[in-house]
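Geometric and topological summary
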Amino acid sequence: MKNILIYNEYISEKNNPEAKSVYPNGIHIALKNIFSDEDYNVNCITLENYAEFLTEDYLKTIDCLIWWGHLAHEKISDDIAILIKNCVLKGMGLIVLHSGHMAKPFVSLMGTSCTLKWREGDKEILWNVNPSHPIAKDISEYLILNGEEMYGEYFDIPKPDDVVFAGWFSGGEVFRSGVTFSRGRGRIFYFQPGHETVPTYYNNDIKKIIQNAVNWVTDVKKNDVIDCPNTKPVFNNR
């Protein structure tokens, strides 16, 4: 059984009527519903209670952390960001969704600003550019996502291990929309679709990609011997 922890700051769905209408119970619940079979044990946390659960002892039991954040990256403590980073280095999988590209743990693991171009409201064609990758298993040549937020290059990340999906937007922008990284013994997948006012996480193909990603990032062995100096990185805001 894979132990999955989903973090969603859960602000937009409470304060933005449009987001609330799409995800009335929160994005975290929509993500949790992707993993309905007995092979997964899934728990959710939000900004309100994250500090209770993101402890060293608890994270040792987690195989994959899924992270969705947007408005409150700076409210995550630096110490917890470093703890998550160290857990990834030891083998915990990390999946970062949409505007989580500015989450402190992801920025720290990347070592770059992770900034990008963006604007709201656009049609996206999500191209499967690496169909042999396990994350792309059973995914068609392309997906059409209407109303998705535009993320465009330049995306300031290190060179990915693999680019699995590439997005094209009706304004002509392109984006590395699904990329993988290895850090220490851990695997990371960043996936761009998932704006809070668009029902992206109800799309069956998107759900399949996220499930494939969980299976891929957890296909490693955690090792408690590996550690990382407890240094505090500099975090930048979008």
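Quick caveat: nothing in here was measured; it's all calculated off a predicted structure.

**A closer look at the environment of Tyr 202**
- Tracing the backbone shows Tyr 202 in the loop between β9 (186–191) and α8 (204–217).
- Along the chain, Tyr 202 and Gln 192 lie ten residues apart, while their C-alpha atoms are 15 Å from each other.

**As for the confidence of the model for the chain**
- Residues at a pLDDT of 70 or more form 92% of the chain, whose mean pLDDT is 92.
- In this model, residues 223–238 is a region of pLDDT below 50 whose contacts with residues beyond four sequence positions or in other chains number 32 contacts.

**Considerations on unusual backbone geometry**
- Omega for the bond connecting Glu 153 with Tyr 154 falls within 30 degrees of zero, at 20°, which places this linkage in the cis form.
- Checked against the element boundaries, Tyr 154 lands in the loop between β6 (142–152) and β7 (162–169).
- Notably, Tyr 10 is not glycine yet its phi reads approximately 60°, a positive angle.
- Within the secondary structure, Tyr 10 is located in the loop between β1 (2–8) and α1 (12–15).

**What to know about the nonpolar core**
- Judged by nonpolar contacts, the single largest core of 40 residues is most densely connected at Leu 54, Leu 59 and Phe 106.
- Sorting the residues of this core by element identifies β1, β3 (64–68), α6 (78–90), β4 (93–97), α7 (104–110), β6, β8 (174–183) and β9 as the ones contributing at least two each.
- Top contributing element to this core by residue count: α6, with six residues.
- Discounting residues that sit within four places of it in the chain, Phe 106 has contacts with Val 96, Gly 100, His 101, Cys 114, Ile 157, Phe 181, Ile 188 and Tyr 190.
- Grouped together as the second largest cluster of nonpolar side chains are 34 residues, Ile 27, Leu 97, Leu 126 and Leu 143 included.

Cut-offs used in this document
Residues numbered from 1 in each chain as written. Predicted model: local features only at pLDDT ≥ 70, side-chain atom pairs only at ≥ 80, totals over all residues. Heavy atoms only, no water. Helix = DSSP H or I, 4+ residues; strand = E, 2+ residues; numbered from the N terminus. pLDDT = per-residue confidence, 0-100. Contact = heavy atoms within 4.5 Å. Core = buried A, V, L, I, M, F, W, Y, C linked by side-chain atoms within 4.5 Å. Buried < 20%, exposed > 50% of the residue type's maximum accessible area, 1.4 Å probe, protein only.

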